[in-house]
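Fold and geometry: a report
Residues per chain, in single letters:
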Amino acid sequence: MMRDHEPVTRLPVAVAEWQRNPICGETRLRPAAAESGHDPNRRRRMKPQPPSTLYPGFERPVPPARALAEARPDPSVLPPVERAKSQGAARVFLVLALGALGIYILREFLPALAWAVVLAIALGPLYERIERRFPPGGHNIVLPTLAVLAVALVFLAPLVVLGVQAAREAHDVAEFVRKAEESGIPAPEFLSHLPYGSAQAIAWWNDNLGHAQAGSEILHRFDNGKVLGASRNVGKEVVHRIVLFGFSLVALFFLFRDRDTIRRQALAACDRMFGPRGERVGRQMVASVHGTVDGLVLVGLGEGVILGIVYYFAGVPHPVLLGAFTAVAAMIPFGAAVAIGIAALLLVAAGAVKAAIIVAVAGLVVTFVADHFIRPALIGGTTKLPFLWVLLGILGGVESFGLLGLFLGPAVMAALVLLWREFTEGRDVKA
């Protein structure tokens, strides 16, 4: 046992203290130094120990959590160059998609819009002169309305005359059908004036077509159902054409009313998309349309008037209608020859062989002068386009787009020839 007077030897007691790690914010319990009997050189004599893995935060600092989050790149934020490329591609896709959708919606009215544009370009110089003479008011409605009504009258008046004449001839046609069914189709008069084989031709006609049974057989070959179906199709097509013509007139009204704004926007768009070259191509196509109108429409009308006078004095039946048909056919290359051939055949059928020869010769002279001298000067002089390319553009345009191709074909050829000349001559003007 220990006595009371003996000194008590106390072992060093470690006092625990709490210490907070300033880096990671964690609080741990660490033993403190002994109160007594502490050797200050004890740490120096101790062998170095490997770093502890129990508290790694005390050996090396760890970056704060906010710094790690800030260092990660945001995938939604792109560099400026990549963002501009993606936005440009998205805009191009959007424009193409909306353009295709718009064309699909307006596919039935695109020919009407094209005709309105062609008429606006063709009548632009005349409308501009009238506008300078009679300045429009604030609303600019009266002058475009009068111009559209004049265009409608020019197109509808011949159709009305043709309809009235056809109604008058309907009675004669019905009488001819009744007589053919009763007594057959009589031999035409021109068979008796043939220089060779006149008797044989008349005999064949009388044996096959000159009796009542032959006439009735020919008429009964026409199926009533097919005739009614064809009539319905013709009626639907006529109504469709009338609607498109009305839509063309409406579009032409707005093109006349807002012509300055549309022209300015079109030139700005061409210059922005294609540079100065785009504006030159646009002006070349407009000049081509002007030249085509002068070379085809006006020259065709002139041919129709001259040959209509020839038809009248030669004794051709219905010279006015046949002259109008010749004017329309003369707008198409080699189309006037068809009208002239029909007039000559009508004269031969009536027994006027000499008059038929006169009509054929007169038509040949008129078409030769118009096609080889006047038209190349009007069309090629305006656009500096060789007549071969004008002819190919007209024929190819008619084959592809119908009557609208008369103007679209030469316009496209003029633009291609202009680009080819600039490419071969090295006149590439950069924007």
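Residues numbered from 1 in each chain as written. Predicted model: local features only at pLDDT ≥ 70, side-chain atom pairs only at ≥ 80, totals over all residues. Heavy atoms only, no water.

Okay, the nonpolar core next. Counting residues in hydrophobic clusters, the biggest one holds 17 residues, and the most contacted among them are Leu 385, Leu 406 and Phe 407. Looking at this core, the elements that each hand over two or more residues are α11 (276-314), α15 (387-401) and α16 (405-425). When residues in this core are grouped by element, the largest group, six residues, is from α16. In contact with Phe 407, not counting residues within four places along its chain, are Trp 115, Val 118, Val 289, Thr 292, Val 293 and Val 297. (Core = buried A, V, L, I, M, F, W, Y, C linked by side-chain atoms within 4.5 Å. Buried < 20%, exposed > 50% of the residue type's maximum accessible area, 1.4 Å probe, protein only. Helix = DSSP H or I, 4+ residues; strand = E, 2+ residues; numbered from the N terminus. Contact = heavy atoms within 4.5 Å.)

We now examine helix α12 (residues 319-330). Residues separated by three or four positions in an α-helix point in the same direction, a consequence of the helix having 3.6 residues per turn. Relative to the 16 Å expected for twelve residues at 1.5 Å per residue, α12 spans 16 Å between its end C-alpha atoms, a close match to the ideal helical length. For α12, every residue scored as buried is listed here: Leu 322, Gly 323, Thr 326, Ala 327, Ala 329 and Ala 330. In an axial view of α12, the angular spread of the buried residues amounts to 170°, which keeps them on one side of the axis. Facing away from the buried side of α12 by over 90 degrees, the exposed positions are Val 320 and Val 328. (Expected span 1.5 Å × (residues − 1). Arc of directions from axis to C-beta.)

Right, let's get into helix α4 (residues 110-122). Along its 13 residues, α4 runs 18 Å from first to last C-alpha, staying within 8% of the 18 Å computed at 1.5 Å per residue. Of the residues making up α4, those classed as buried are Ala 112, Ala 116, Val 118, Leu 119 and Ala 120.

A few words now on unusual backbone geometry. Negative phi is the rule for most residues except glycine; trans is the rule for most peptide bonds. At His 318, a residue that is not glycine, the phi angle is positive and equals roughly 55°. Tracing the backbone through its elements, the reader meets His 318 in the loop between α11 and α12.

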